[in-house]
Amino acid sequence: MKSIGLTGGIGSGKSTVARLFQKRGAYVIDVDVLAHLVEKPGSAVWNRIVECFGRKILSKDSTIDREALGGIVFRDNEKLKELNSIVHPAVFDEWRRRFDDIGSRDEKAIIISDVPLLIEVGWHMAVDMVILVYTSPNVQAERIMERNGCSYEEAEDRIRSQMPVDEKIPFADFVINNEGTPEETEAIVDRIWKELLK
Ligand code: ADP
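Small disclaimer: the values here were computed from a predicted structure and weren't measured.

1. So, the environment of I49
Inference 1: With respect to the helices, strands and loops of the structure, I49 is situated in helix α3 (residues 44-53).
Inference 2: Judged by relative accessible area, I49 falls into the buried class, the value being 0%.
Inference 3: Through-space distance from the C-alpha of I49 to that of S3 is 30 Å; in sequence the pair is 46 residues apart.
Inference 4: In this structure, I49 is in contact with E39, G54, I57, I64, L69, L83, I86 and V87, ignoring residues within four places of it in sequence.

Dropping the structure here:
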């Protein structure tokens, strides 16, 4: 079994790259999906977030309004830390459960965990290899604006709340430059996939 951490700045193309590996036979665990799961209305995590940030971060259907919460935490690092201390342990427990489940079913599994803050939170030390999806901050901002329909300033806030992507390069075993066409990225993924199968 191989445990791979997939990371990169927001909007760099992690989810896109994760799907390409999945198509080739990797198991993908997306911690953003797990974060949504543990924040379901009524859960312990949901209760603590509401206690901490107030009901103003809730949508009409009581789910957490990620845009509203993001608007608070991406401008205030202390608040971001507080949110992370509520959400991360629950996400990690859920990740562990899934990871162990895959491992018990397939001893040759290549498990790719898509973790946006892999390096910021030190998770890179718990995986066998790190794959970094790289795009320059300008391309990141353009893709975030297009995907989320937000302003340049909002995209910048999100990018700035993370460690600069250039500083992440030394932690990576493989860097996927995703500034080119989807076909070019696919060719890089093919090369890495062959290495992972060795
Ligand atoms: P992340 O998961 O890192 O936040 P996504 O995979 O959602 O990033 O990619 C961000 C946006 O950029 C998406 O709209 C995606 O379709 C687009 N995208 C990803 N890779 C490319 C590429 N090579 N060329 C053009 N657009 C891309």
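Continuing now.
2. Remarks on the packing of helix α2 (residues 31-38) against helix α5 (residues 77-105)
Inference 1: Remark: α2 packs on α5, axes separated minimally by 9 Å, with the N-to-C direction vectors making an angle of 115°. Relative to α5, the element α2 lies roughly perpendicular. The way α2 lies across α5 gives a crossing that is right-handed. The residues of α5 that touch α2, namely those facing V31, L34, A35, L37 and V38, are V87, A90, V91, E94, W95 and R98.
Inference 2: Here the residues of the contact of α2 with α5 are counted per class, giving 9 nonpolar, no polar and 2 charged.

3. Considering the pairing of strand β1 (residues 2-8)
The two faces of a sheet get side chains in turn, since along a regular strand they alternate between them.
Inference 1: Buried residues dominate β1, accounting for 6 of its 7 residues.
Inference 2: Judged from the 5 bridges that link them, β1 and strand β3 (residues 110-114) form a sheet pairing that is parallel. What sits directly across from L6, in β3, is D114.
Inference 3: As paired strands, β1 and strand β4 (residues 129-134) are joined by 5 bridges and run parallel to one another. Among the inter-strand pairings, G8 is bridged to a residue of β4, identified as V133.

4. Remarks on the site of the ligand
Inference 1: Around the ligand sit 14 residues, and of these G11, K14, S15, T16 and R147 come closest.
Inference 2: S12 places a main-chain nitrogen or oxygen 3.3 Å from an oxygen atom of the ligand.
Inference 3: In the model, an oxygen atom of the ligand is placed 3.0 Å from a nitrogen or oxygen of the G13 main chain.
Inference 4: Taken by itself the ligand offers 560 Å² of open surface, and the protein chains cover 74% of this.
Inference 5: Elements represented by at least two residues in the shell around the ligand include exactly α1 (14-23) and α6 (137-148).
Inference 6: Considering every element that reaches the shell around the ligand, the biggest residue donor is α1, with 3 residues.
Inference 7: When grouped by side-chain class, the residues that make up the shell around the ligand number 2 nonpolar, 9 polar and 3 charged.

5. A few points about helix α9 (residues 182-197)
Inference 1: Helix length check: α9, at 16 residues, gives a terminal C-alpha distance of 22 Å against a target of 22 Å (1.5 Å per residue), a fit within 8%.
Inference 2: Along α9, the residues classified as buried are T185, I188, V189, I192, W193 and L196. Burial along α9 is one-sided: seen end-on, the buried residues are contained in an arc of 145°. Seen from the open side of α9, the exposed residues pointing more than 90 degrees away from its buried face are E183, R191, K194 and L197.
Inference 3: Along its buried surface, α9 packs onto β1, α1, β3, β4 and β5 (174-177).

6. Things to note about the pattern of salt bridges
Inference 1: In total, this model carries 16 salt bridges according to the counting rule given.
Inference 2: Between E195 and K198 there is a salt bridge, and its shortest N-O distance comes to 3.0 Å.
Inference 3: Among the residues examined, E195 registers a relative accessible area of 38% and is labelled partly exposed.
Inference 4: Several salt bridges share partner residues, and in doing so they unite K23, R24, E186 and D190 into one network.

7. Here we look at the packing of aromatic side chains
Inference 1: Enumeration over the complete set of coordinates arrives at 5 aromatic pairs.
Inference 2: Look at F21 and W193: their rings are 6.3 Å apart centre to centre, the planes differ by 55°, and that puts the pair in the tilted class. Of this pair, F21 sits in helix α1 while W193 is found in helix α9, placing the two residues 172 residues apart along the sequence. Across the pair, exposure class does not vary: F21 and W193 are buried alike.
Inference 3: When the ring of F92 is compared with that of W95, the centres are 5.3 Å apart and the planes differ by 35°; the resulting orientation is tilted. Residue F92 and its partner W95 are both found in helix α5; the two are separated by 3 residues, about one turn of the helix.
Inference 4: Take W95: its relative accessible area is 2%, and that puts it in the buried class.
Inference 5: These aromatic residues form a ring-pair network of at least three members: F92, W95, F99 and W123.

Criteria and thresholds
- Residues numbered from 1 in each chain as written.
- Predicted model: local features only at pLDDT ≥ 70, side-chain atom pairs only at ≥ 80, totals over all residues.
- Heavy atoms only, no water.
- Helix = DSSP H or I, 4+ residues; strand = E, 2+ residues; numbered from the N terminus.
- Buried < 20%, exposed > 50% of the residue type's maximum accessible area, 1.4 Å probe, protein only.
- Contact = heavy atoms within 4.5 Å.
- Axes fitted to C-alpha atoms, helices over the stretch in contact; angles between N-to-C directions.
- Parallel < 35°, antiparallel > 145°, perpendicular 65-115°, else oblique.
- Left-handed = near helix turned anticlockwise from the far one by under 90°.
- Nonpolar A, V, L, I, M, F, W, Y, C, P; charged D, E, K, R; others polar.
- Pairing = 2+ DSSP bridges.
- Near = heavy atom within 4 Å.
- Polar contact = N/O pair within 3.5 Å; in protein donor to acceptor, adjacent residues only side chain to side chain.
- Areas by Shrake-Rupley, 256 points an atom, 1.4 Å probe, with all protein chains shown as cover.
- Expected span 1.5 Å × (residues − 1).
- Arc of directions from axis to C-beta.
- Salt bridge = Lys/Arg side-chain N within 4 Å of Asp/Glu carboxyl O.
- Phe/Tyr/Trp six-rings, centres within 6.5 Å; stacked < 30°, edge-to-face > 60°.

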